[in-house]
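Summary of structural features
One-letter residues, chain by chain:
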Amino acid sequence: MNSLWSDSEAEAFPGDLGQRIYTSRLLGREKSLVLHGGGNTSVKVTEKNLLGEDETRLYVKGSGWDLEHIEAAGFSPVRIDRLLKLAKLKQLSDPQMVNELRTQMTLASAPTPSVEAILHAILPYQYVDHTHADAVITITNTADGLTRIREIYGDNVVIVPYVMPGFDLARRCAEQFATDVRKNTIGMVLMNHGIFSFGKTAQESYERMIDLVTWAENYLAKQKAWVLPESSEKPQAKPLRRELAALRRDLSVTAGFPVILAAHDDPASLAFARRDDVAIISQQGPATPDHVIRTKRVPMIGRDSKAYAKAYKKYFDENLPKSTEPKTMLDPSPRVILDREFGVATAGRSAKDAAIVFDIYAHTMEILQRATLLGGYKALPAKDIFDVEYWDLEQAKLKGAGKPPFAGEIALVTGAASGIGKACVDSLLARGAAVVGLDINASISSLYNRPDYLGLVCDVTDEKQLAEALEKTARTFGGLDMLILNAGMFPPGCRIDALGTAEWGKVMRLNLDANLMLMREAHPLLKLAPNGGCVVVIGSKNVPAPGPGAAAYSASKAALNQLARVAALEWGADNIRINSLHPNAVFDTGIWTEEVLQTRAKHYGLTVEEYKRRNVLKTEVTSRDVAELAAEMCGPLFAKTTAAQVPVDGGNERVI
Ligand code: ZN
């Protein structure tokens with residue numbers, strides 16, 4: 001591991017806190033050091049308070065910030081005198097400790113200081129860096145981990161046995177450090193947890209961290225436990241979408257809420273899931289207890305979520321100490337699934353959660369395999385892991401998490417690159433759904449760059465491309481709950497006596513046939529939607545009130561409307577609802593340039609504004625209005641409605 005320090009970059013970060021920000025970000029860039037909150041840093045600074053007195057403050061990373069993107073506002077200043085006195089107490093409960101950390105801050109708007117703040121305070125160095133370095137955890141998680149750590153570091157580090165994070169750990173470290181510190185001590189290893197380094201300057205502390213971790217990496221290399229064999233595993237070529245959707249449904253039922261299920265079939269994930277000894281090496285516990293909240297203690301192997309839930313209940317019952325207050329069992333659904341066909345699938349309440357679980361497990365797989373090469377992985381006893389999983393502070397965090405209405409659900413929108421389709425993508429994302437956008441326009445793939453969006457270039461009139469899009473949807477998010485049929489065309493005006501068969505066929509192919517094919521292919525997935533499936537058809541005012549010159553368009557939309565009505569009859573038993581909305585005169589869609597609008601308005605002797613509001617309510621209907629109605633049709637408001645047709649046109653005299 002190389003130092004990323006650069007003198008010229010560092011100059012842009014003046015002052016003690018500035019330097020602290022700079023090297024914290026350097027640590028944050030190295031994911032094998034700090035993964036999703038696994039690490040924190042601090043600096044001690046003496047400043048004048050409002051009364052003109054000198055006050056030494058510990059600026060420690062606040063919760064909710066990650067090191068890679070931290071700013072000054074991400075550090076909480078805490079009066080260090082108080083922390084040092086607290087460290088001498090015999091006992092301090094977690095809620096009391098958090099209360100002290102918050103009330104001893106000198107800036108009311110700062111975030112809650114890290115629970116490891118007292119630990120930072122007791123180390124008598126200006127800069128302190130702490131990471132959960134993969135290489136160090138790999139070595140400590142083996143049967144003879146302690147001997148190996150001593151062999152690597154000698155008295156360059158103080159070694160502290162595993163204690164759960166919190167006050168007891170800080171006190172234990174203070175005692176151990178006072179007795180074991182030597183002249184050449186530059187760090188501290190916390191068994192099964194991570195590593196500290198410290199120094200007089202930010203650069204010194206940071207580079208010591210890099211050195212200490214490099215020693216661990218070199219040790220692993222020397223023991224032939226660093227480089228993992230190249231994998232040439234190939235993903236399963238046959239369609240897996242129904243199996244994935246069935247598994248996602250089971251997991252959602254066990255969890256009690258819909259989950260996103262992301263399958264990863266990269267060579268490394270497949271190689272791990274297909275290892276002969278996977279049932280042994282994957283079942284011992286997480287690499288560090290702080291991952292247990294996101295990953296659960298062990299992954300599920302195969303697809304039997306009922307058996308997994310049973311085992312989880314047993315683990316809960318066995319480790320629940322009789323003396324403590326009663327605790328409620330968390331949902332017993334797995335977050336990591338290892339399967340020979342799917343590879344490594346990860347589950348979460350949102351696509352972002354599922355992606356974080358995969359990030360963590362990708363590192364866990366390396367740690368497990370390297371520790372195995374080193375002679376055998378050994379995790380902490382289940383009780384220690386349980387204590388972190390059912391730690392009051394972590395539980396409080398979970399409870400605080402708000403849940404948007406479509407959390408864990410998956411929507412697919414056709415014609416999603418612009419206009420009403422794009423507005424539907426926005427409305428569904430805003431409600432917490434993971435969204436797949438299909439469009440023939442290549443811009444669909446880069447519409448958004450976020451974990452809950454997947455844009456696929458797709459000609460919806462091509463059956464093969466539709467099947468591929470659904471397969472990709474299921475492998476990325478686990479299934480399909482909502483389908484918005486929006487893609488369509490509005491050809492130039494043409495009277496029946498001049499309407500060519502080819503032109504008629506083209507309109508039918510896109511506005512009608514494509515929707516039949518997509519509905520047919522999506523049905524098995526919609527049937528497995530945990531909360532019931534839902535289809536929304538973007539129809540047209542032309543269904544109830546056709547216009548001259550639009551025969552192909554009006555006929556195609558009317559036929560689609562009839563198709564939806566039949567689907568409502570056929571699919572009700574599968575708990576799939578299908579509702580239609582009929583927009584009219586939506587002008588913010590790209591087809592309507594300012595020039596076209598002006599020509600049309602002039603034709604009727606109106607201004608553009610009057611033309612846009614040519615309806616009973618004299619109001620303009622936008623793409624967003626249509627999209628919001630489409631999204632609501634997928635939600636609880638329409639839970640008991642199917643085959644409805646709702647106009648969204650500002651009131652049209654011919655329809656009324
Ligand atoms: Zn830690």
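Everything quoted here is computed from the prediction, not taken from an experiment.

**Here's the deal with the coordination of the zinc ion**
Of the protein atoms, only E116 (OE), H130 (NE2), H132 (NE2) and H193 (NE2) coordinate the zinc ion, at distances of 2.1 to 2.5 Å. Of note is the zinc ion, whose 4 donor atoms meet at the metal with angles of 83 to 159° in an arrangement that counts as irregular. When the donor residues of the zinc ion are listed from N- to C-terminus, their spacing reads E-x13-H-x1-H-x60-H. Here E116, found in the loop between α4 (94–103) and α5 (117–122), pairs with H193, found in the loop between β6 (187–190) and β7 (194–199); they are 77 residues apart in sequence, far enough to count as distant. The two residues E116 and H193 agree in class, both being buried.

**A word on the pairing of strand β13 (residues 434–439)**
Here β13 lies mainly inside the structure; 6 of its 6 residues are buried. Pairing of strand β12 (residues 410–414) with β13, which is carried by 5 bridges, proceeds in the parallel orientation. Paired with A411 across the strands is V435, a residue of β13. Taken together, β12, helix α18 (residues 419–430) and β13 form a β-α-β motif whose crossover is right-handed. Both β13 and strand β14 (residues 453–457) contribute to a ladder of 5 bridges, which runs parallel. What sits directly across from V436, in β14, is L454.

**A word on unusual backbone geometry**
Even without being glycine, K296 reaches a positive phi, approximately 65°. With respect to the helices and strands, the residue K296 is situated in the loop between α13 (292–295) and β9 (300–301). Residue classification places K296 among the buried residues on the basis of a relative accessible area of 3%. If you check the backbone angles, A585 has positive phi at about 50° while not being a glycine. Looking at the element boundaries, A585 is found in the loop between β17 (576–583) and α22 (594–603).

**Some details on the pattern of salt bridges**
Pairing is possible between side chains that carry opposite charge, provided their charged atoms lie close to one another. Under the criterion given, the structure shown has 39 salt bridges. Of the charged contacts in the structure, one is a salt bridge between D129 and R20, with a shortest N-O distance of 2.9 Å. Residue D129 is located in strand β4 (residues 127–131), and its partner R20 is located in helix α2 (residues 15–29); the two are separated by 109 residues in the primary sequence. Overall, D129 belongs to the buried group, its relative accessible area being 0%. Residue classification places R20 among the buried positions, given a relative accessible area of 0%. Salt bridges sharing partners connect three or more residues here, namely R241, D265, E463, E471, R475, R520 and E521.

**Observations regarding helix α24 (residues 623–633)**
The complete set of buried residues in α24 reads S623, V626, A627, L629, A630, A631 and M633. Those residues of α24 that are buried lie in contact with α18, β16 (533–538), β17 and β18 (645–648).

**A few points about a nonpolar patch on the surface**
A cluster of nonpolar side chains, namely V616, L617 and I656, defines an oily patch on the protein surface of about 350 Å² accessible area. For I656, the location among the structural elements is in the segment after β18. On the basis of relative accessible area, I656 is assigned to the exposed category, the value being 74%.

**Thoughts on the packing of aromatic side chains**
Under the definition given, this model contains 18 aromatic pairs. Ring geometry for F177 and F198: centres 5.7 Å apart, planes at 90°, overall edge-to-face. A residue pair is termed long-range when its members are at least 10 positions apart, and F177 in helix α8 (residues 167–180) and F198 in strand β7 qualify at 21 residues. Comparing F177 with F198, the two get one shared label, buried. For the ring pair Y448 and Y453, a centre distance of 5.6 Å and an interplane angle of 85° mean the geometry is edge-to-face. Using a relative accessible area of 25% as the deciding quantity, one classes Y448 as partly exposed. Here the aromatic residues Y312, Y315, F316, F386 and Y390 are joined through ring pairs into a cluster of three or more.

**Examining the environment of A529**
As for its placement among the helices and strands, A529 is situated in the loop between α20 (501–526) and β16. Overall, A529 belongs to the buried group, its relative accessible area being 3%. Once the C-alpha coordinates of A529 and I576 are considered, the two residues, 47 residues apart in sequence, prove to be 8.7 Å apart. Ignoring sequence-local partners within four residues, the contact set of A529 consists of R249, L480 and D481.

**Some words on the packing of α20 against helix α21 (residues 551–571)**
Interhelical geometry of α20 versus α21 gives an angle of 15° and a closest axis separation of 8 Å. Judged on the interaxial angle alone, α21 and α20 are roughly parallel. Between α20 and α21 lies a crossing of right-handed hand. For the pair formed by α20 and α21, the contact residues are W504, V507, M508, N511, L512, N515, L516, M519, H523 and L526 on the first element and A551, A552, Y553, A555, S556, A559, L560, L563, A567 and W571 on the second. The class makeup of the residues in the contact of α20 with α21 is 16 nonpolar, 4 polar and no charged.

**Quick look at the domain arrangement of the chain**
Annotation of the chain at the domain level lists domain 1 (7–222), domain 2 (241–400), domain 3 (410–586 + 622–648) and domain 4 (588–620). A C-alpha centroid distance of 28 Å is found between domain 1 and domain 2. Each partner contributes residues to the interface: domain 1 has 25 residues there, and domain 2 has 22 residues. Contact between domain 1 and domain 2 buries roughly 2100 Å² in total, counting both sides, with carbon and sulfur atoms accounting for 69%. Its largest share of buried area at the contact with domain 2, domain 1 owes to L35, H36 and N141, together 26% of the area lost on that side. In this assembly, domain 1 and domain 2 are joined by 0 salt bridges. Our count for the contact surface shared by domain 1 and domain 2 stands at 7 residue pairs in polar contact (both at pLDDT 80 or more). Elements represented by at least two residues in the side of domain 1 that touches domain 2 include exactly α4, α6 (134–140) and α9 (202–222).

**Quick word on the packing of helix α10 (residues 241–255) against α20**
Two elements in contact, α10 and α20, have axes whose closest approach is 9 Å; the angle formed by their N-to-C orientations is 35°. Along its contact with α10, which presents R241, R242 and A245, the element α20 presents E521, P524 and L525. Split by residue class, the contact of α10 with α20 holds 3 nonpolar, no polar and 3 charged.

**Here we look at the pairing of β7**
Among the 6 residues of β7, 6 are classified as buried, and the element is accordingly described as predominantly covered. Pairing of β4 with β7 involves 5 bridges; the strand directions are antiparallel. Each residue of the ladder has a partner; that of D129, found in β7, is S197. Looking at chain direction, β6 and β7 are connected through 4 bridges and run antiparallel.

How each quantity is defined
Residues numbered from 1 in each chain as written. Predicted model: local features only at pLDDT ≥ 70, side-chain atom pairs only at ≥ 80, totals over all residues. Heavy atoms only, no water. Donors = N, O, S within 2.8 Å, 3.2 Å for Na, K, Ca; no water. Tetrahedral: all angles 85-135°; square planar, octahedral: opposite > 155°, others 65-115°. Helix = DSSP H or I, 4+ residues; strand = E, 2+ residues; numbered from the N terminus. Buried < 20%, exposed > 50% of the residue type's maximum accessible area, 1.4 Å probe, protein only. Pairing = 2+ DSSP bridges. Right-handed = clockwise from strand over helix to strand, strands pointing away. Salt bridge = Lys/Arg side-chain N within 4 Å of Asp/Glu carboxyl O. Contact = heavy atoms within 4.5 Å. Patch = residues over 30% accessible without salt bridge, like charges linked within 9 Å, V, L, I, M, F, W, Y side chains within 5 Å. Areas by Shrake-Rupley, 256 points an atom, 1.4 Å probe, with all protein chains shown as cover. Phe/Tyr/Trp six-rings, centres within 6.5 Å; stacked < 30°, edge-to-face > 60°. Axes fitted to C-alpha atoms, helices over the stretch in contact; angles between N-to-C directions. Parallel < 35°, antiparallel > 145°, perpendicular 65-115°, else oblique. Left-handed = near helix turned anticlockwise from the far one by under 90°. Nonpolar A, V, L, I, M, F, W, Y, C, P; charged D, E, K, R; others polar. Domains from an automatic or database assignment. Buried area = accessible area lost by both parts, 1.4 Å probe. Polar contact = N/O pair within 3.5 Å; in protein donor to acceptor, adjacent residues only side chain to side chain.

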